[in-house]
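Architecture and fold: a report
Here is how the chains run, residue by residue.
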Amino acid sequence: MAKENNSNTPKKPRFSSWWIYGVVIALIIGFQFLGGGSFSNTEKTTTSALEEYLRNGDIEKIIVIKNIGQAKVFLTEAALQKEVHKKVSEKPLIPATSAVPQYIVEYGDLQIFQNEIDEIKAENNLNTIVEFDTESNVLGELLLSLLPFALIIGIWIYLMRRMSGGAGGGAGGQIFNIGKSKAKLFDEKTDTRTSFKDVAGLEGAKEEVQEIVEFLKNPDKYTSLGGKIPKGALLVGPPGTGKTLLAKAVAGEAKVPFFSLSGSDFVEMFVGVGASRVRDLFKQAKDKSPSIIFIDEIDAIGRARGKNNFTGSNDERENTLNQLLTEMDGFGTNTNVIVLAATNRADVLDKALMRAGRFDRQIYVDLPDLRERKEIFEVHLRPIKTAETLDLDFLAKQTPGFSGADIANVCNEAALIAARKEKKAVTKQDFLDAVDRIVGGLEKKNKIITPEEKKTIAYHEAGHATVSWMLEHAAPLVKVTIVPRGQSLGAAWYLPEERLIVRPEQMLDEMCATMGGRAAEKVVFNKISTGALSDLEKVTKQARAMVTIYGLNDELGNITYYDSSGQNEYGFTKPYSEETAQKIDEEISKIIEEQYQRAIKLLDENKDKLKELADRLLEKEVIFKDDLEKIFGKRPFEKEEPEEEEEKETAE
Ligand code: ADP
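Residues numbered from 1 in each chain as written. Predicted model: local features only at pLDDT ≥ 70, side-chain atom pairs only at ≥ 80, totals over all residues. Heavy atoms only, no water.

1. Digging into unusual backbone geometry
- At Leu202, a position not held by glycine, the phi torsion is positive, near 50 degrees.
- Looking at the element boundaries, Leu202 is found in the loop between strand 6 (184-186) and helix 7 (203-217).
- The exposure class assigned to Leu202 is buried, which follows from its relative accessible area of 11%.
- Positive phi, close to 70 degrees, is recorded for Glu621, a residue that is not glycine.
- Judged by its relative accessible area of 28%, Glu621 falls in the partly exposed class. (Helix = DSSP H or I, 4+ residues; strand = E, 2+ residues; numbered from the N terminus. Buried < 20%, exposed > 50% of the residue type's maximum accessible area, 1.4 Å probe, protein only.)

Okay, structure coming up:
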């Protein structure tokens, strides 16, 4: 895997606009507390002092502020010159904008205060002005009324930052960048390059993409002859088979920048974001052209646009898809941007995506076969220190059905297991342990199982093994274990043949072997248990598929209810009538019941061998094909060279 693209520029010290807000708020609060007092020389005084000043004729005006119980006292010009008022007559440092009183008095009872002033005024024949007023703390009230809005806006900004990729700063952290594409750029200069050497197997696929590499390297060769270059290629295959790896290798070989993102990265909870991200992605790619855009899991946006839009939530996905279609049409062949996309559900993709001129090439990337697995092992064993020269053929045989990613995981896990055991190098046994662990999960050494339960599990697994041994089309057995691992309490492993077409008798034999576990419990103990859950699930699915998908049931005939466009997945309506539904249910249960009875009959006839097998299983916990041969003799239907592909049968 290439490293993530880290820019090497040092982080600038971040100037945050929050500082400005902070300073402003601090100033406002400061003003509030000081009430503007520091800008004038107003002094507090008592009513008696005020009365005296009034008698002396020093006061020009008194403003009584009723709501706060204070009176503002303004002196006459002459009084300001007097010695007693020297303190309040000095000019303030910063002149106030409006008139500032010299004294402030808390008057107590308004009536008494007013009477006294009136009395003094009458006695001395004064014409001091007395006014009444109310005063409000304008700023405070303003702040208070703004508080809810400030809170709401604050929360909103916080949420926006969270949604647009975390408040970690950088491009994703800003709300204004929500419409920007989240593609990760692997630059051909700064990142470790992946080449075709890192991709094992996949010859056919490599050949197909080779042409894309050629084009990116040397476009003139094609365009000069008037040829048009594919704009996109779709890599189809199960997860972990190396689709991303292949796309990266294309970029690495062609030495062009590589934009990688997942289909789900386009869609956010805001409407219009997906489309805007698509636009941005293509713009970035064009700026860096020639380049490759890789969209993983394109089915997240590329699903067929349906008519049954119940929730309305599909709209955004459709807009995104439309934009993608437009962009792919929009850039001419001379822009040298090639779109590679990966999916494991090519069947559900919108037809418009697949038409010529968009993803006109489909490249199938399948699970690796025996030879390819060996090559993948070679690639991933390179960095691992092994104790002996490992037999890669053997390892490849032990890992049927594994994807490239699984094999990479096996190699890594083996190294970890060896390290845990303080070994100096990784041995073959470590690899086998790693395979077991990846197939079955962690060994549960401390799971408490009563002897009774253990016996049931042993008979259950022995039942699978016995029935599959007896049936012509059942897959050949590899090993049976009653060591609990992960979710399962025991398992029988097979090497199913890789069949391209399956006949009904093959399906039925497999179902019979699957029912063998429960049948054995019934035959031996005359009791059944919950241990057969996963078996039942499997046969039910298989039986349903026989009836409703493959048209293998005589009663229903040659009909299928399978919808390859995937549009019915969201529908609530069934494509068949109530009557047919009933018939389907009956047929499914009939098929399963028949196979169960067949397994019971087989086991009844071979009860002694079943018992022998179960006893050996209880004793050894793991038994292999050879042990079965000792009990049953050679398998009557053994084929010359059993194909490889393994499957696991579990009993929970
Ligand atoms: P996907 O098909 O899901 O995109 P990836 O390409 O991400 O799978 O594969 C995951 C990992 O599996 C790769 O990083 C690589 O280590 C390993 N891998 C898969 N296929 C191969 C292969 N053909 N050769 C070598 N390694 C492979």
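2. Quick notes on the site of the ligand
- Neighbouring the ligand are 16 residues; Ala200, Gly240, Lys243, Thr244 and His380 lie closest to it.
- For the ligand, an oxygen atom lies 3.3 Å from a polar atom in the backbone of Thr241.
- At 2.9 Å from an oxygen atom of the ligand is found a main-chain nitrogen or oxygen belonging to Leu245.
- Summarising the interface, the protein chains cover 86% of the accessible area of the ligand, which totals 560 Å² for the free molecule.
- Mapped onto the shell around the ligand, the elements with two or more residues apiece are helix 9 (243-254), helix 14 (370-381) and helix 16 (404-420).
- When grouped by side-chain class, the residues that make up the shell around the ligand number eight nonpolar, six polar and two charged.
- Residues from two domains meet in the shell around the ligand; each of domain 2 (181-364) and domain 3 (370-440) gives at least three. (Near = heavy atom within 4 Å. Polar contact = N/O pair within 3.5 Å; in protein donor to acceptor, adjacent residues only side chain to side chain. Areas by Shrake-Rupley, 256 points an atom, 1.4 Å probe, with all protein chains shown as cover. Nonpolar A, V, L, I, M, F, W, Y, C, P; charged D, E, K, R; others polar. Domains from an automatic or database assignment.)

3. What to know about the pattern of salt bridges
- Inspection of the entire model under this criterion finds 23 salt bridges.
- Arg361 serves as the salt-bridge partner of Glu211, at 2.9 Å between the closest nitrogen and oxygen. Of this pair, Glu211 sits in helix 7 while Arg361 is found in strand 11 (residues 359-364), placing the two residues 150 residues apart along the sequence.
- We note a salt bridge from Glu327 to Lys286, for which the minimum N-O separation is 3.9 Å. You can see Glu327 sitting in helix 12 (residues 314-330) and its partner Lys286 sitting in helix 10 (residues 273-287), a full 41 residues away along the chain. (Salt bridge = Lys/Arg side-chain N within 4 Å of Asp/Glu carboxyl O.)

4. Quick look at the packing of helix 19 (residues 504-525) against helix 21 (residues 578-605)
- Packing of helix 19 against helix 21 leaves a shortest axis separation of 7 Å and a crossing angle of 60 degrees. The angle between helix 19 and helix 21 falls in the class oblique. The element helix 19 and its partner helix 21 pack so that their crossing is right-handed. In contact with Leu508, Asp509, Met511, Cys512, Met515, Gly516, Arg518, Ala519, Ala520, Lys522 and Val523 of helix 19, helix 21 contributes Ile591, Ile592, Gln595, Tyr596, Arg598, Ala599, Ile600, Leu603 and Asp604.
- Here the contact of helix 19 with helix 21 is built from residues that sort into 13 nonpolar, two polar and five charged. (Axes fitted to C-alpha atoms, helices over the stretch in contact; angles between N-to-C directions. Parallel < 35°, antiparallel > 145°, perpendicular 65-115°, else oblique. Left-handed = near helix turned anticlockwise from the far one by under 90°. Contact = heavy atoms within 4.5 Å.)

5. Quick word on the pairing of strand 8 (residues 258-262)
- Counting buried positions along strand 8 yields five of five residues, so the element is predominantly enclosed.
- Of the two faces of strand 8, both are covered, the one formed by Phe258, Ser260 and Ser262 as well as the one formed by Phe259 and Leu261.
- In this structure, strand 6 lies alongside strand 8, joined through three bridges in antiparallel fashion. Its bridge partner being in strand 8, Lys184 is matched across the sheet by Ser260. (Pairing = 2+ DSSP bridges.)

6. Comments concerning the confidence of the model for the protein
- When pLDDT is averaged across the protein, the result is 79; 83% of the residues are at 70 or more.
- The least confident element of the protein, judged by mean pLDDT, is strand 15 (residues 647-651) at 43; the most confident is helix 21 at 93.
- Of the regions scoring below 50 in pLDDT, residues 1-12 engages in 13 contacts with residues more than four places distant in sequence or in other chains. (pLDDT = per-residue confidence, 0-100.)

7. Focus on the nonpolar core
- With 48 residues, the main nonpolar core has Val467, Val480, Leu613 and Leu628 as its most contacted residues.
- Residue assignment for this core shows that the elements contributing at least two residues are helix 18 (451-470), strand 12 (477-481), strand 13 (490-494), helix 19, helix 20 (533-549), helix 21, helix 22 (607-620) and helix 23 (625-632).
- For this core, the leading source of residues is helix 21, giving ten residues.
- Setting aside its immediate chain neighbours within four residues, Val480 contacts Glu461, Ala465, Ala491, Ala492, Leu617, Glu621, Val622, Ile623 and Leu628. (Core = buried A, V, L, I, M, F, W, Y, C linked by side-chain atoms within 4.5 Å.)

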